[in-house]
Amino acid sequence: VANHGPDDRSAAVRVKRGAANGDGAECYFELRMPSASACAYLVTAGLVAAGLDGLARKLPLPPARQSAADGATPLPTRLADSLVALEADAVLCAALGDELVRWFTGVKRAELAAIEKRLKTQHGVTPETSAQNKAAATLETWRHLYMEYV
């Protein structure tokens, strides 16, 4: 979920406060949601665009440590769902530009299609394949696509 919390490692945004005197001089934020494989430039652009939109519309900061049951916004957990959410987000599309969003989502969908094809043709993955075997095949497919020379 999209939430925040002071010194909360499970929150999407961790607010880390220094131990000095609590005046905020040693305060920083950790954006904990993006994958390590995410493009840092796109993550930063999205963060800045969302922050500026919140400031422009004077949106209130929700309470700390909200859960989905408390009203925190659920975040997509699959790439395909994330692409749909990106395309539906008018603020991010405007900030990043429609052309970049169109190309980015197109490339990512092509990657997903290549992964699905390899899972079927090289590993014989079907809907009946066990979760454990599908996970192993998926890992091997990702390794092949992105770490061919490692």
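What you see is a predicted model; the values in this text were computed from it and never measured.

This next bit is on the packing of helix α2 (residues 79–88) against helix α4 (residues 98–121). With their axes 10 Å apart at the nearest point, α2 and α4 run at an angle of 165° to one another. Overall, the two elements α2 and α4 adopt an arrangement that is roughly antiparallel. The two elements α2 and α4 meet at a crossing, and its hand is left-handed. Residues Leu79, Ala80, Leu83, Val84, Leu86 and Glu87 of α2 pack against Val101, Phe104, Thr105, Lys108, Arg109 and Leu112 of α4. When its residues are assigned to classes, the contact of α2 with α4 shows 8 nonpolar, 1 polar and 3 charged.

Along the polypeptide, Asp98 turns up in helix α4. The exposed category is assigned to Asp98, whose relative accessible area is 55%. Each C-alpha atom, one on Asp98 and one on Glu87, is 8.8 Å from the other, the two residues being 11 residues apart in sequence.

This paragraph deals with the pairing of strand β2 (residues 13–16). Relative to β2, strand β1 (residues 4–6) runs parallel, the two being bridged by 3 bridges. For Pro6, the partnering residue across the bridge sits in β2 and is Val15. Inspection of the sheet shows β2 paired to strand β3 (residues 28–31) by 4 bridges, in the antiparallel sense. Across the sheet, residue Val13 finds its bridge partner in β3, namely Leu31.

Our focus in this paragraph is unusual backbone geometry. For Lys58, which is not glycine, the phi torsion reads 55° and is therefore positive. Structurally, Lys58 can be placed in the loop between α1 (40–56) and α2. Of note in the backbone geometry, Arg65 takes a positive phi value of approximately 60° without being a glycine. Structurally, Arg65 can be placed in the loop between α1 and α2.

Definitions and cut-offs
Residues numbered from 1 in each chain as written. Predicted model: local features only at pLDDT ≥ 70, side-chain atom pairs only at ≥ 80, totals over all residues. Heavy atoms only, no water. Axes fitted to C-alpha atoms, helices over the stretch in contact; angles between N-to-C directions. Helix = DSSP H or I, 4+ residues; strand = E, 2+ residues; numbered from the N terminus. Parallel < 35°, antiparallel > 145°, perpendicular 65-115°, else oblique. Left-handed = near helix turned anticlockwise from the far one by under 90°. Contact = heavy atoms within 4.5 Å. Nonpolar A, V, L, I, M, F, W, Y, C, P; charged D, E, K, R; others polar. Buried < 20%, exposed > 50% of the residue type's maximum accessible area, 1.4 Å probe, protein only. Pairing = 2+ DSSP bridges.

This is a description of form; function is not addressed.
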